[in-house]
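Per-entry structural report
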Amino acid sequence: MYQRFRELKLELPSPKQVKRLISSAIRTTEASFCERLMQQLSVDTRSKMDDLLKTEVSEPEDEAIQFKQSVFSFLKSDPSRVGLESLFKEIDKLNHIRQLGMPVNLFDTIPPKVVGHYRRRAAAETPRDLRRHSKAIRYTLIAAFCWQRSQEISDNLVELLVQIVHRIGINAERRVDKQLLNDFKRVDNKPHLLYQIATATLEHPDESVKEVVYPVATPTILKAVIQEYHASTTYDQKVYTVMRSSYLHHYRRMVPKILKTLEFRSNNEVHRPVVQALELLKKYQDSNQRYYASEEQLYVKGVLKSGWRDLIVETDSEGKERINRVNYEICVLQALRDNTALKGDLGGWGEAVW
């Protein structure tokens, strides 16, 4: 300001006058900014923003006024522990913001720092404090808050989805491990045991197994080795079976809501198969078919793990191969989890991931 006064060859004002002039300029600029932004909001949008701040509820048959948590306070809350209920609450928050009907380009020409400034102001105030502002300032604060909050909630949704899919796999592995440990006792130091058996066999090639091998490895130990081998060869199948049961009877109901709420995109060719596979899941989300139609294009490369093709393909009585929808959905969600990094790292997905 001093530099500007010198350029205009005007007498410099006192420090108090400078402070008053700057404060007045800031208020004038903010009032003009808020007024312009409010004019971009429809009357219906403003009315819905006011509804976010309501905390009073009066029943027709009861004259007493009751109070409830405002939707605005609900939008400010953080996600609870990982689970379907937490995921559904985040979807509910996002739907509340989307139903406001704010213009998609409302803040396109406004620096993010300015939007963040108003967003933080709104987050620090109660619904009562917001209602006391002038309409222009109130709607600007709520719009900035909802604009940035919608992005945060979208990120929370993706993180919750990834954590839930991870939990399905981890819980399945734990259940299978516990079952296997109950079935047999793991044989320790097998390389040394094999060495002893091989040495004893070579030293006494003409003697019977009972006389040569049993002194080194008892029948009980040999049976444990066989059980451990069979268990290890079917471990992945057992884990997948448990995952499928958990997903089918509990977690599957999250998929339609996620696909309706989020749009997955990627400008990285490596991840395109996963995005296209998600579109296929979305296409069939309201269908009761157990299998995909034979003419559907299924995305395998970049989606299925090695050896998982046998888990999704079933053969009917006529020898025709069919793709089980539930099994394929699990594979797609696993691929999404494996290709998505947490904590804001896009993991190569590119811009505008969700």
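An account of the accompanying structure is given in this report. Note that residues are indexed from 1 along each chain, following the sequence as it is written. It should be noted that, the model being predicted, local features are given only for residues of pLDDT at least 70 and side-chain atom pairs only at 80 or more, the latter also being counted only at that level, while totals for whole chains, interfaces and linings use all residues. Hydrogens and water are ignored here; the side-chain numbers use all heavy atoms of the structure.

Digging into the overall build of the protein
Strands here are runs of E lasting at least two residues and helices are runs of H or I lasting at least four, both read from the DSSP assignment and numbered beginning at the N terminus. The helix and strand inventory of the protein stands at 16 helices and four strands. A simple rule labels every residue: compare its accessible area, found with a 1.4 Å probe on the protein chains alone, to the largest value its type can have, and call it buried under 20%, exposed over 50%, or partly exposed in between. The buried share among the 354 residues of the protein stands at 39%. Taking the intrachain contacts of the protein between residues at least 6 apart in sequence as the baseline, contacts between residues at least 24 apart amount to 69%. Each accessible area is a Shrake-Rupley estimate made with a 1.4 Å probe; only the visible protein chains count as cover when residues are assessed. Accessible area for the protein stands at about 22000 Å²; split by element, carbon and sulfur atoms hold 52% of it. Any two residues whose heavy atoms approach within 4.5 Å at even a single point are treated as in contact.

Re the side chain of glutamate 296
Here glutamate 296 is to be found in the loop between helix 14 (272-283) and helix 15 (309-312). Only 2.9 Å separates the side chain of glutamate 296 from the side chain of tyrosine 284, close enough to count as a polar contact. N or O atoms within 3.5 Å of each other form a polar contact, as long as, within protein, one can give a hydrogen and the other can take it, and as long as residues adjacent in sequence are counted only when both atoms are side-chain atoms.

Concerning the side chain of threonine 140
By secondary structure assignment, the location of threonine 140 is in helix 8 (residues 135-183). Of the residues examined, threonine 140 reaches a relative accessible area of 1% and is grouped as buried.

Side note on a nonpolar patch on the surface
The residues that make up patches have over 30% relative accessible area and no salt bridge, and they are joined within 9 Å when like-charged or within 5 Å when they are Val, Leu, Ile, Met, Phe, Trp or Tyr. By definition here, a salt bridge exists when the distance from a side-chain nitrogen of Lys or Arg to a carboxyl oxygen of Asp or Glu is within 4 Å. Among the surface-exposed residues, Met1, Leu21, Ile22 and Ile26 lie close enough to one another that they form a single nonpolar patch of about 350 Å² accessible area. Structurally, leucine 21 is set in helix 2 (residues 15-39). For leucine 21, a relative accessible area of 42% translates into the label partly exposed.

Some details on unusual backbone geometry
Most peptide bonds take the trans form, and the phi angle of most residues other than glycine is negative. For lysine 9, which is not a glycine, the phi torsion comes out positive at approximately 55°. Assignment of secondary structure puts lysine 9 in the loop between helix 1 (2-7) and helix 2. Overall, lysine 9 belongs to the exposed group, its relative accessible area being 77%.

Some details on the pattern of salt bridges
Once the charged atoms of two side chains with opposite charge are near each other, the side chains can pair. As enumerated under the stated definition, the model contains 14 salt bridges in all. We note a salt bridge from glutamate 7 to arginine 4, for which the minimum N-O separation is 3.4 Å. Remark: arginine 4 and glutamate 7 occur in helix 1; sequence separation between them is three residues, near one turn of the helix. Taking relative accessible area as the criterion, arginine 4 reaches 49% and is therefore assigned partly exposed. Here lysine 48 ties to aspartate 44 by a salt bridge, and the two come within 3.2 Å at their closest N and O atoms. Of this pair, lysine 48 and aspartate 44 both sit in helix 3 (residues 43-52), separated by four residues, roughly a single helical turn. Judged by its relative accessible area of 24%, lysine 48 falls in the partly exposed class. One connected set of salt bridges, linked through shared partners, spans Arg119, Arg149 and Glu152.

Brief notes about the packing of helix 2 against helix 6 (residues 112-123)
Only the stretch in contact is used when fitting a helix axis, every axis being a line fitted to C-alpha atoms; angles between N-to-C directions are given from 0 to 180 degrees. Two elements in contact, helix 2 and helix 6, have axes whose closest approach is 14 Å; the angle formed by their N-to-C orientations is 90°. On the basis of the axis angle, helix 2 is roughly perpendicular to helix 6. On helix 6, the residues touching Glu30, Phe33 and Cys34 of helix 2 are Val114, Tyr118 and Arg121. Asp, Glu, Lys and Arg are counted as charged, while Ala, Val, Leu, Ile, Met, Phe, Trp, Tyr, Cys and Pro are counted as nonpolar; the rest, among them Gly, fall into the polar class. Partitioned by chemical class, the residues of the contact of helix 2 with helix 6 number four nonpolar, no polar and two charged. For classification purposes, angles smaller than 35 degrees are called roughly parallel, those larger than 145 roughly antiparallel, those between 65 and 115 roughly perpendicular, and all remaining angles oblique.

With respect to the environment of lysine 135
Relative to the assigned elements, lysine 135 resides in helix 8. In this structure the C-alpha to C-alpha distance between lysine 135 and arginine 46, which are 89 residues apart in sequence, comes to 9.0 Å.

A closer look at helix 16 (residues 325-338)
By this rule, a helix spans an expected 1.5 Å times one less than how many residues it contains. With 14 residues, helix 16 should reach 20 Å at 1.5 Å per residue; the first-to-last C-alpha distance of 20 Å fits that figure. Taken across its 14 residues, helix 16 has twelve buried, putting it largely inside the fold. Every buried residue of helix 16 is listed here: Arg325, Val326, Asn327, Tyr328, Glu329, Ile330, Cys331, Val332, Leu333, Gln334, Ala335 and Leu336. For helix 16, the capping residue at the N-terminal end is asparagine 324, with a side-chain oxygen 3.0 Å from the backbone nitrogen of valine 326.

Looking at the packing of helix 5 (residues 84-98) against helix 13 (residues 254-261)
Where helix 5 contacts helix 13, the axes come no closer than 11 Å and their chain directions differ by 25°. When the interaxial angle is binned, helix 5 and helix 13 end up roughly parallel. As for the relative orientation of helix 5 and helix 13, their crossing is left-handed in sense. Side by side, helix 5 and helix 13 meet where Leu84, Leu87, Phe88, Ile91, Leu94 and Arg98 of the first sit next to Met254, Lys257, Ile258 and Thr261 of the second. Considering only residue class, the contact of helix 5 with helix 13 consists of seven nonpolar, one polar and two charged. If you view the pair so one helix is near and one far, a crossing is left-handed when the near helix is turned anticlockwise from the far one by less than a right angle, and right-handed when it is turned clockwise.

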